[in-house]
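Here is how the chains run, residue by residue.
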Amino acid sequence: MIALTNQQIIIEFHQLLENKLFLSNLQSCNSKDELNYYIKPKETLIALHDKFLRYGTKKATSFLIIDIDKVKEFKQIEEYYEEVVSKLNGIEPNWVTQTDHGYHIGFILDKPIWLNNDSITKKASEIKRDLTSLLNGDVAGSHRLIGYWRNPLTHNSVVSTKLNNLDKLEEALLKQSNETINYLLRYMKQKKKKKKTN
């Protein structure tokens, strides 16, 4: 995890985004108002300087992005990043970007999700749903596999260039679910014990 202040990391992350976006031309814009209209694609190298990017195409995506809104208390972005890593049992997102109302958490996958492959698309959608739930994400803003989100290169962000794997994300979420279930079972058992002693 590195804040986007180190020149070498900016270059590496820029190259990673460019490679994983697949396209030589990309839809991007600089205001949310523009998202209500058709956005003409521009060269990816130019688009990577805009505030909002379209992640994914009609055929594939290499990104899972979670929108976190309604944050009660803003934390330092590095602190929030570490909190996310802890919730994911050590799996690092590729970026956490601060927004007006919260954060965007982005994962860049080592292999693309081909949207014509129903089993992989279903798996990715389930993982994204579980990530949204675990990270208290905005359901409406997080459940789509392709769409417009903030560009981490043009916002206050912390980044990692280590690619993520869909199976490893699924494993981390399963482990987290099991830990939660075990905690609840222990809690209920203790509550029953207390009830019997009273």
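Structure report, in brief.

Scoring rules and cut-offs
- Residues numbered from 1 in each chain as written.
- Predicted model: local features only at pLDDT ≥ 70, side-chain atom pairs only at ≥ 80, totals over all residues.
- Heavy atoms only, no water.
- Core = buried A, V, L, I, M, F, W, Y, C linked by side-chain atoms within 4.5 Å.
- Buried < 20%, exposed > 50% of the residue type's maximum accessible area, 1.4 Å probe, protein only.
- Helix = DSSP H or I, 4+ residues; strand = E, 2+ residues; numbered from the N terminus.
- Contact = heavy atoms within 4.5 Å.
- Pairing = 2+ DSSP bridges.

1. Quick look at the nonpolar core
Across soluble globular proteins, nonpolar side chains have a tendency to be buried as a group.
Move 1: L64, I105, F107 and L131 are the most contacted members of the largest nonpolar core, which has 26 residues in total.
Move 2: Elements represented by at least two residues in this core include exactly β6 (60-68), α3 (77-87), β8 (103-114), α4 (118-134) and α6 (166-197).
Move 3: Other than its neighbours up to four places away in sequence, L131 contacts L64, I66, L88, F107 and L173.
Move 4: Counting 17 residues, the second-largest nonpolar core is a separate cluster that includes F13, I65, I108 and L153.

2. Looking at unusual backbone geometry
With the exception of glycine, the majority of residues adopt a negative phi angle, and the majority of peptide bonds are in the trans configuration.
Move 1: In this structure, F22 takes a positive phi of about 70° despite not being glycine.
Move 2: Note that F22 resides in the loop between α1 (7-20) and β2 (25-26).
Move 3: Judged by relative accessible area, which is 41%, F22 ranks as partly exposed.
Move 4: With a phi close to 55°, N89 is a non-glycine residue in the positive phi region.
Move 5: As for its placement among the helices and strands, N89 is situated in the loop between α3 and β7 (95-98).
Move 6: A relative accessible area of 30% places N89 in the partly exposed class.

3. Structural notes on the pairing of β8
Move 1: As defined by bridge partners, β6 adjoins β8 across eight bridges and the pair is classed as antiparallel. When the bridges of β8 are listed, I65 appears paired with G106.
Move 2: Examined bridge by bridge, β7 and β8 share four bridges and lie antiparallel to one another. If you follow Q98 over to β8, its bridge partner there is Y103.
Move 3: Taking the residues between adjacent antiparallel strands as the criterion, β7 and β8 are bridged by four residues.

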